[in-house]
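# Observations on the three-dimensional arrangement
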Amino acid sequence: MTILPSPQQLRYLVALADLGHFGRAAAACAVTQSTLSAGIIALERQLDAAILERGPGKRPVFTPLGLELVRRARAALSALAAVAETAAAARDPLSGPLRLGVIPTIGPFLLPRLMPALRQAFPRLQLWLREDLTERLAEDLAAGRLDLLLLALPALLPEAEVVRVAEDPFIVALPQGHRLAAAPAVPLAALGAERLLLLEDGHCLRDHALAACSLPGAGETFAATSLHTLVQMVAGGLGVTLLPRLAVEGGVLAGANVALRPLETPQGRGLGLAWRARSPRAAEFRNMVPAVAAAIAAPVSAPVESERSLEAPAEGNPPPPRAVLPLSIS
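Residues numbered from 1 in each chain as written. Predicted model: local features only at pLDDT ≥ 70, side-chain atom pairs only at ≥ 80, totals over all residues. Heavy atoms only, no water.

Evaluation of the coordinates by the stated rule reveals 16 salt bridges. Here arginine 113 ties to glutamate 249 by a salt bridge, and the two come within 3.4 Å at their closest N and O atoms. Of this pair, arginine 113 sits in helix 5 (residues 107-121) while glutamate 249 sits in helix 9 (residues 245-249), placing them 136 residues apart in sequence. For the residue pair arginine 113 and glutamate 249, the accessibility class agrees, reading buried in each case. Arginine 269 is the salt-bridge partner of aspartate 168, the closest N and O atoms lying 3.0 Å from each other. Placement of the pair is aspartate 168 in strand 4 (residues 160-175) and arginine 269 in strand 9 (residues 268-276), with a sequence separation of 101 residues. One exposure class covers both aspartate 168 and arginine 269, and it is buried. A network of salt bridges, in which partner residues are shared, links Asp18, Arg74, Arg130, Asp132, Arg136, Asp140 and Arg145. (Salt bridge = Lys/Arg side-chain N within 4 Å of Asp/Glu carboxyl O. Helix = DSSP H or I, 4+ residues; strand = E, 2+ residues; numbered from the N terminus. Buried < 20%, exposed > 50% of the residue type's maximum accessible area, 1.4 Å probe, protein only.)

Once that is clear, we can look at the environment of leucine 19. Tracing the backbone shows leucine 19 in helix 1 (residues 7-19). Here leucine 19 falls in the partly exposed class, since its relative accessible area comes to 34%. Sequence separation between leucine 19 and proline 60 is 41 residues; the distance between their C-alpha atoms is 9.7 Å. Residues within four places of leucine 19 in sequence aside, it is in contact with Arg24, Ala25 and Ala28. (Contact = heavy atoms within 4.5 Å.)

At the junction of leucine 153 and proline 154, the peptide bond is cis and its omega measures out at 5° in the coordinates. Structurally, proline 154 can be placed in the loop between strand 3 (148-153) and strand 4. For alanine 30, which is not glycine, the phi torsion reads 60° and is therefore positive. Mapped onto the fold, alanine 30 is located in the loop between helix 2 (22-28) and helix 3 (33-47). A positive phi angle, close to 55°, is found at aspartate 48, a residue other than glycine. Tracing the backbone shows aspartate 48 in the loop between helix 3 and helix 4 (64-91).

A few words now on the confidence of the model for the chain. One rule of thumb: low pLDDT means the predicted coordinates there are not for detailed reading. Averaged over all residues, the pLDDT of the chain is 83; the fraction at 70 or higher stands at 85%. Contacts from residues 216-220, a stretch scored under 50 in pLDDT, to residues over four places away or in other chains number 9 contacts. Confidence drops under a pLDDT of 50 for residues 311-330, and excluding neighbours within four residues, the segment shows 50 contacts in the predicted structure. (pLDDT = per-residue confidence, 0-100.)

What follows is the structure, given as structure tokens:
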């Protein structure tokens, strides 16, 4: 009878592959470095296979077979976790820990109103949050390190079930007194002649803004690390940008003197939830969709100040304030 690797041995293997360092992998597994090293050696002997290359360097180098075993170890650990999750989900749905990943252009602006709504709807749910870029969140979801993602769409998630919960239109942010602020809406073609300010590569909002708007002949672009930085650059007269309405509602304009105008041809991004297609908690996540959609659609109490209004200013008069900027639910 074949002796199978233990879950602990597989955890050692995956931790070493993820962290690339024996000491850090041991700390992640809450064991000593010698215990982890002994566990890897025992696994090699048990499988009669070379998992690591032996050399003078201290950094672990996996053999081709070792890399394949790491991939299979991840799948095995995920399957083992699913056994416990399936039982827990049947025993007490929408309870216990849930690891939620959210992207930076959503989290700060939506979570302040989403978290209380979820706590009220699912009081036994314990939400653990991680904010990161879409690509890394997708990797964590596939590896079983996260259970659920709240992200912008479209997104490439080949092995996930994705549900669109809301639409988030783009709004043009302009320096006060900009020529395009005189019109009630901004044509897409007009942005081609402007200095367009975008987020750095890796932020999906950058790709969504360019793809959704198909900017013709866009001029030189400058990259920022956050939406707050973009807004300050616009307020300083460095260029124009596209902001998600969600961020405007969430207070990204605080302290910035900018003008907002809608696009003449509405464009935007979607907001969605994503989970592993074979997750034992998939039914739970589907049941969460209406609560998340309702929280996104809820009116925002803070008014948009007059100098940031989406309304075109009348001649000689300040534009009226907008009290609510609703998002449409798909």
